Amino acid sequence: MSMLTLQQARAHVTPRGQVTLWWLGQSGFIIKSPGGIVLALDPYLSNSCKAIGDEHGFDMNRLVPPPLAPHELADVDAYVMTHSHHDHCDPETLAASRAAGGRGPYVAPAETIEKLKSLGVPDHELRMVWPNRVIEFGDVSLRATFAIPLGGDDLTHVGYLVSVKEGPKVYFTGDTAYHEVLAAAVGPHKPDVLVTVINGAFRNLSPAEAARLARELGVRQVIPTHHDLFPDNSLPSNLLRTNLKFLGIGETFCPLRHGEKHQIKSLNH
Ligand SMILES: [Fe+2]
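Residues numbered from 1 in each chain as written. Predicted model: local features only at pLDDT ≥ 70, side-chain atom pairs only at ≥ 80, totals over all residues. Heavy atoms only, no water.

**A look at the pattern of salt bridges**
Which entries qualify depends on this criterion: For this document, the term salt bridge refers to a Lys or Arg side-chain nitrogen within 4 Å of an Asp or Glu carboxyl oxygen. Put simply, DSSP marks the helices as runs of H or I at least four residues long and the strands as runs of E at least two long, and each gets a number from the N terminus on. Under the scheme applied here, a residue whose accessible area is under 20% of the maximum for its type counts as buried, over 50% as exposed, and between as partly exposed, the area being computed with a 1.4 Å probe on protein chains only.
Counted by the stated rule, this structure contains 9 salt bridges. Linking Glu114 and Lys117 is a salt bridge whose minimum nitrogen-to-oxygen distance equals 3.8 Å. A residue pair is termed a helical-turn pair when its members lie 3 or 4 positions apart in one helix, as Glu114 and Lys117 do in helix α4 (residues 110-118) at 3 residues. For Lys117, a relative accessible area of 36% corresponds to the partly exposed category. Connected through shared salt-bridge partners, Arg10, Asp75 and Asp77 make up one network.

**Re the packing of helix α6 (residues 207-217) against helix α7 (residues 238-246)**
In plain terms, the rule: Fitted lines through C-alpha atoms give the axes, limited to the stretch in contact for helices. The angle between two N-to-C directions lies from 0 to 180 degrees. Roughly parallel covers angles under 35 degrees, roughly antiparallel covers those over 145, roughly perpendicular covers 65 to 115, and oblique covers all other angles. We call a crossing left-handed when the near helix sits turned anticlockwise from the far one by less than a right angle, and right-handed when that turn is clockwise. Should any heavy atoms of two residues lie within 4.5 Å, those residues are considered in contact.
Packing of α6 against α7 brings their axes to within 8 Å, and their N-to-C directions diverge by 45°. Of the possible angle classes, the one that applies to α6 and α7 is oblique. Between α6 and α7 lies a crossing of right-handed hand. Here Pro207, Ala208, Ala210, Ala211 and Ala214 of α6 come into contact with α7, specifically with Leu239, Leu240, Asn243 and Leu244.

**Remarks on the coordination of the iron ion**
Where we set the bar: Atoms are scored as donors when they are N, O or S and lie within 2.8 Å of the metal, with 3.2 Å used for Na, K and Ca; no water is included, so coordination may look incomplete.
In the first shell of the iron ion, the protein supplies Asp87 (OD), His88 (NE2), Asp175 (OD) and His226 (NE2), at 2.1 to 2.2 Å from the metal. The sequence pattern formed by the donor residues of the iron ion is D-H-x86-D-x50-H. Of this pair, His88 sits in the loop between β4 (78-80) and α3 (91-99) while Asp175 sits in the loop between β10 (169-172) and α5 (180-186), placing them 87 residues apart in sequence. Asp175 carries the same exposure label as His88, and that label is buried.

**Quick look at the sheet that holds strand β6 (residues 126-128)**
Within a sheet, neighbouring strands are paired by backbone hydrogen bonds and run either parallel or antiparallel to one another. Worth spelling out the cut-off: At least two DSSP bridges between two strands are needed for those strands to be called paired.
Sheet architecture is open: 7 strands sit in the order β6-β5-β4-β3-β2-β1-β13, paired in mixed fashion. At either end of the open sheet lies a strand with only one pairing partner, and these are β6 and β13 (261-264). When the angles between neighbouring strand axes are averaged without regard to direction, this sheet yields 25°. When strand β2 (residues 28-32) meets strand β3 (residues 38-41), the two strands line up antiparallel, connected through 4 bridges. When the sheet's bridge partners are listed, Phe29 is paired in β3 with Leu41. This element, α4, spans β5 (106-108) and β6 of the sheet and lies at about 165° to β6.

**Details of the packing of aromatic side chains**
As a reminder, the rule being used: Side-chain rings of Phe, Tyr and Trp, where Trp is taken by its six-membered ring, are said to pair if the distance between their centres is within 6.5 Å; with planes under 30 degrees apart they count as stacked, over 60 as edge-to-face, and otherwise as tilted.
Here the structure, examined in full by the defined rule, presents 4 aromatic pairs. Taken together, a centroid distance of 5.2 Å and an interplanar angle of 75° make the contact between Phe58 and Phe202 edge-to-face. Separated by 144 residues along the polypeptide, Phe58 in the loop between α2 (49-56) and β4 and Phe202 in the loop between β11 (193-197) and α6 bring together distant segments of the chain. Centre to centre, the rings of Tyr79 and Tyr106 are 5.1 Å apart; their planes meet at 55°, and the pair counts as tilted. Taken together, the residues span a long stretch of sequence, with Tyr79 in strand β4 and Tyr106 in strand β5 at a distance of 27 residues. Residue classification places Tyr79 among the buried residues on the basis of a relative accessible area of 2%.

Below you can see the structure in the form of structure tokens.
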């Protein structure tokens, strides 16, 4: 694991036609465009899920510390979330960021917007999305995508297709089960890279289902997420590699390390 600061991300120059990712663990990422836009996606930089796990009999005590201090998020251009659960919309991460002066825009689907309001975020900082809703920040476009929720506590889960002008398109599944609509909806946009949950629990894609989705989308890289942070929600990412190889696309496997920079070139164009 490498420790990251927003200053490092700000100082990094993403070459034209590319996009830069830093994985924060679980589904969290810092994303930087060639135009200098810095986004945070689903940052979970606390240990707030431990108490929820204890309540329900799951060990959700994080296995590794966060590679970025939550107050650093005060300096992002937008704070983007896929759904309302603490490992994606974390009250402690949000509070630390806001205490350091962080303000919106916060991009999120409906029930996450409600949660953000309850946490004190004013309306004018909120930008609501739904599947196929597109929001642009400079040279970055975010298209919310269809995702299947865990249960009735939040039925408005989304994923995101992040596109950089003249650059790669990266599809973040968000938490979702497998459904043919995932590929049917995102496939026509021709994503280059799939960033997918693989934990195979809590109704999320298993490594085999993630590999199937990758084959359906025809992506050139598959980045595993959401399998790394909690004892009762973890598995080795090599299971994704095994399943990709089984489908004849093993070369797409692209595991990341927490806090380390990953440069994505435009692979399809
Ligand atoms: Fe999650």
